[in-house]
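# Coordinate analysis (summary)
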Amino acid sequence: MTVPLTAIIWDYDGTLVDTREKNFRVARRIISQVCGDPPERFPALRSLEAYGRALHRTANWRELYRREFGLSEDETDRAGSLWTGYQLEDETPAALFEGIREALVALDGVPHGIVSQNARETIAQALAHADIAEYFRHIVGYEEVDVRRQKPEPDGLLACVEALTGLASGWVLYVGDHDTDVRCARHANEALAAAGRAVRIGAVGVRFGVTAAPAWAVAPDHVAKHPKEVVAFARAFLPDG
């Protein structure tokens, strides 16, 4: 018997929406506020390309702020507290990646969720603006997860799986653009197996619209270069295949 696909969960930044420019501008503003120095003092904030490379060599936003900008734990907490407000104030366009809307329509029969290290309010506002909010039943932003348990820890992903499926037996796909997303799926699988749950999370790695992306340090279960390839992979788990 085919194991059912019970949900598809997406990362947000770099997966559904191209937020690179917006996040870069917000990060520059936050670091200037917290450190009192011009953002150009930090190599990772001198260009959008440098910022993108820094994101891919750090596991999450807390590591980024500590390692690249030298912030203490308290300063990192303060930086995190500024993120949502600055995100909502910043009007830099952040467009859906080509093919995302069509992928959501094609897979509308499966519950969708989002697990992200961005702010839930920011995500909800962007989904509403793009007119795709109706496709997502549950969103887990960084505020819903303990600051010490952000991705690649599995807490947010496990909470979303439970909210969407009730931990019913089957496959869940987690679609993300970062090695941290793949590690998060792996850690979630370990936790589910230890709890005796017949739920398996497949990691789908994507790099939509990003040129010269680094190789995957942790191999996903599937790599998709376009949202239509996510659809094709997901359909292999559906009854009509």
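Structure: see above.
Residues numbered from 1 in each chain as written. Predicted model: local features only at pLDDT ≥ 70, side-chain atom pairs only at ≥ 80, totals over all residues. Heavy atoms only, no water.

Under the counting rule described, the total for this entry stands at 19 salt bridges. Residue R62 is joined to D77 by a salt bridge in which the shortest nitrogen-to-oxygen separation is 2.9 Å. Of this pair, R62 sits in helix 3 (residues 61-69) while D77 sits in helix 4 (residues 73-89), and the two are 15 residues apart along the sequence. For D77, a relative accessible area of 32% corresponds to the partly exposed category. Where salt bridges share partners, they join R62, R66, E73, D77 and R148 into one cluster. (Salt bridge = Lys/Arg side-chain N within 4 Å of Asp/Glu carboxyl O. Helix = DSSP H or I, 4+ residues; strand = E, 2+ residues; numbered from the N terminus. Buried < 20%, exposed > 50% of the residue type's maximum accessible area, 1.4 Å probe, protein only.)

What follows concerns the state of the cysteines. Think of a disulfide as a covalent bridge from one cysteine sulfur atom to another cysteine sulfur atom. Taken as a whole, this structure holds 0 disulfides when the rule is applied. C160 forms no disulfide, and the closest cysteine sulfur to it belongs to C184, at a distance of 10 Å. (Disulfide = S-S within 2.5 Å.)

A separate point is the packing of aromatic side chains. Counted under the stated rule, the structure contains 8 aromatic pairs. Ring centres of F24 and Y51 lie 5.6 Å apart, and the angle between their planes is 50°; this geometry places the pair in the tilted category. Within this pair, whereas F24 is found in helix 1 (residues 20-35), its partner Y51 is found in helix 2 (residues 48-56), the two being separated by 27 residues in sequence. Its relative accessible area of 9% is what places F24 among the buried residues. Its relative accessible area of 3% is what places Y51 among the buried residues. A network of ring pairs unites the aromatic residues F42, W61, Y65, F69 and Y142 as a single cluster. (Phe/Tyr/Trp six-rings, centres within 6.5 Å; stacked < 30°, edge-to-face > 60°.)

The next subject is helix 9 (residues 227-235). Every buried residue belonging to helix 9 is among P227, V230, V231, F233 and A234, and all of these are buried. Buried residues of helix 9, seen end-on, are gathered within an arc of 165° and therefore sit on one face of the element. For helix 9, the elements touching its buried residues are strand 1 (5-10), helix 5 (100-106), strand 4 (170-176), strand 5 (199-206) and strand 6 (222-224). (Arc of directions from axis to C-beta. Contact = heavy atoms within 4.5 Å.)

Strand order in the open sheet made by the 6 strands is 3-2-1-4-5-6, with parallel pairing throughout. The open sheet has two edge strands, strand 3 (136-140) and strand 6, and neither has a second partner. Strand-to-strand twist in this sheet, taken as the mean axis angle between neighbours without regard to direction, amounts to 25°. Summarising the sheet, strand 5 and strand 6 pair through 3 bridges and their orientation is parallel. Among the inter-strand pairings, V206 is bridged to a residue of strand 6, identified as A224. With respect to the sheet, helix 6 (residues 120-129) is in contact with strand 2 (112-115) and strand 3, its orientation differing from that of strand 3 by roughly 150°. (Pairing = 2+ DSSP bridges. Axes fitted to C-alpha atoms, helices over the stretch in contact; angles between N-to-C directions.)

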